[in-house]
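# Descriptive structure summary
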Amino acid sequence: MSDALFSPAVARNAGPIVEVLKRVMPPDGLVLEIASGSGEHAVHFANAMPALDWQPSDPDEAARRSIGAHARASGLSNIRSPLAIDAARPPWPVARADALVAINMIHIAPWDATTGLMAGAGATLPVGGVLYLYGPFRENGSHTAPSNTAFDDSLRARNASWGVRDIEAVAAAAGAQGLHLFERVAMPANNLSLIFRKTGQSPAPVREASL
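Residues numbered from 1 in each chain as written. Predicted model: local features only at pLDDT ≥ 70, side-chain atom pairs only at ≥ 80, totals over all residues. Heavy atoms only, no water.

### Side note on helix 1 (residues 8-24)
Put simply, the test is: In DSSP terms, a helix is any run of H or I states spanning at least four residues, a strand is any run of E spanning at least two, and both are numbered starting from the N terminus. Helices are assigned an expected span. That span is 1.5 Å times one less than the residue count. Fitting one axis to the seven residues ending at a residue and another to the seven starting there, the bend at that residue is the angle between the two axes. Burial here depends on accessible area, computed with a 1.4 Å probe over protein chains only, as a share of the maximum for the residue type. Under 20% is buried, over 50% is exposed, and the range in between is partly exposed. Residues are treated as being in contact if the distance between any of their heavy atoms lies within 4.5 Å.
With 17 residues, helix 1 extends 25 Å between its outermost C-alpha atoms, agreeing within 8% with the 24 Å of an ideal straight helix rising 1.5 Å per residue. Of all the bends in helix 1, the greatest reaches close to 45° and is centred on Ala14; the proline Pro16 follows between one and four positions later. Restricting attention to buried positions, one finds in helix 1 the residues Val10, Asn13, Ala14, Pro16, Ile17, Val18, Val20, Leu21 and Val24. Residues of helix 1 that are buried sit in contact with helix 2 (40-48), strand 2 (52-55), strand 3 (99-103), strand 4 (130-135), strand 8 (179-187) and strand 9 (191-198).

Rendered as structure tokens:
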């Protein structure tokens, strides 16, 4: 496990995220995770949903080594070897996935990672396929909590191209690729789960839920 990295946030958010994923993920098939980071989420989700094959990915080589280390230590057979995927640079080396997941990614990346994620999702998902996003978001031009304001300021101080994104802008980028926001779930620590579905029809009103 010398290559394994650890994120304290995973211990806090993996359980609540699984509650949502179990409800919105397909019963079986392939789930592509973009920006898997340490790989701890991949292990947690693959263990909780054994009928799904989990395909982790990350553009960073150290992250991919960590993903592999955690996957091997878990002994799970439904986690595939991590791929080198940069969300901002589709096409991706995955022709089709039944669902996509990206956790705490789009605010710690330039905006073209979000537009690339949506383009990749639009090309990879079948009609009815789900894209799941988790993290902090702005709504109607405002942060949802003072802590998110401070977090946004710290992100932009580290890199001017990073920052907490507006739901409306994210939904517009998704809509351009045939993905429509159909559910918003309030999560602990002022985060949100956003669930998009690929559809050729006009979007329905967004359903709101909370844990």
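Text resumes after the structure shown.
### Remarks on helix 5 (residues 146-158)
Short version of the rule: In this context, the arc is that of the directions from the helix axis out to the C-beta atoms.
The end-to-end C-alpha distance of helix 5 is 19 Å, a good match for the 18 Å that 13 residues give at a rise of 1.5 Å each. If you check which residues of helix 5 are buried, you get Asn148, Asp152 and Leu155. The buried residues of helix 5 all sit within an arc of 65° when viewed along its axis, so they share a single face. Of the exposed residues in helix 5, those oriented more than 90 degrees away from the buried face are Pro146, Asp153 and Ala157. Turning to helix 5, the residues buried within the fold contact strand 6 (142-143).

### Observations concerning the nonpolar core
Heads up, the condition is: In plain words, nonpolar cores are sets of buried Ala, Val, Leu, Ile, Met, Phe, Trp, Tyr and Cys residues tied together by side-chain atoms within 4.5 Å.
Formed by 30 residues in total, the largest nonpolar core has its most connected members in Ile34, Leu117, Leu131, Leu133 and Phe196. When contributions to this core are tallied by element, the ones reaching two or more residues are strand 1 (29-34), strand 3, helix 4 (111-124), strand 4, helix 6 (167-175), strand 8 and strand 9. Discounting residues that sit within four places of it in the chain, Leu117 has contacts with Ile34, Ala87, Trp92, Ala102, Met105, Ile106 and Leu133. Formed by 26 residues, the second largest nonpolar core is a distinct cluster that contains Val18, Met25, Ala99 and Phe182.

### Considerations on the sheet that holds strand 6
Definition in use: Strand pairing follows a simple DSSP-based rule, namely that at least 2 bridges must link the two strands.
With mixed pairing, the three strands of this open sheet are ordered in space as 6-5-7. With partners counted over all chains shown, the strands left at the sheet margins are strand 6 and strand 7 (165-166), one partner each. In this structure, strand 5 (residues 137-139) lies alongside strand 6, joined through two bridges in antiparallel fashion. Bridging across to strand 6, Arg138 finds its partner in His143.

### Points about empty space enclosed by the protein
The criterion, for reference: With a 1 Å grid spanning the protein atoms alone, the term cavity applies to any set of points in which a 1.4 Å probe fits but cannot get out, the term pocket to an open set with protein on both sides within 12 Å along at least five of seven lines, and the term lining residue to any residue with an atom within 4 Å of a point. Grid points are joined across faces, edges and corners, and a volume is the space filled by probe spheres set on the points. Nonpolar residues are Ala, Val, Leu, Ile, Met, Phe, Trp, Tyr, Cys and Pro. Charged residues are Asp, Glu, Lys and Arg, and all others, Gly as well, are polar.
Tallied over the full model, the rule gives one cavity of 30 Å³ or more. Considering only enclosed or pocket space, the largest cavity measures out at about 30 Å³ in volume. If you trace the largest cavity, you find it lined by Ala102, Asn104, Met105, Ile106, Leu133, Tyr134 and Phe137. For the lining of the largest cavity, the per-class residue count stands at six nonpolar, one polar and no charged.

### Some details on the layout of surface pockets
By volume, the largest pocket is sized at about 1,000 Å³. Lining the largest pocket are 45 residues, and of these Ile103, Asn104, Met105, His107 and Ile108 sit closest to its centre. Elements represented by at least two residues in the lining of the largest pocket include exactly helix 1, strand 1, helix 2, helix 3 (61-74), helix 4 and helix 5. Per-element accounting of the lining of the largest pocket gives the leading share, five residues, to helix 1. Residues of the lining of the largest pocket, tallied by class, amount to 25 nonpolar, 12 polar and eight charged.

### Here's the deal with the pairing of strand 1
Every other side chain in a regular strand lies on the same face of the sheet, so the side chains alternate between the two faces. Counted only if it meets this: For a crossover, the right-handed case is the one in which the path from the first strand over the helix to the second runs clockwise, viewed with the strands pointing away from the viewer.
With respect to burial, strand 1 is a largely interior element, five of its six residues being buried. In terms of strand pairing, strand 1 meets strand 2 through four bridges, oriented parallel. Paired with Gly29 across the bridge in strand 2 is Leu52. What joins strand 1 to strand 2 is helix 2, and the crossover it makes is right-handed. Bridge analysis of strand 1 against strand 3 gives four bridges, and the strand direction is parallel. Within the sheet, the bridge partner assigned to Ile34 lies in strand 3 and is Ala102.

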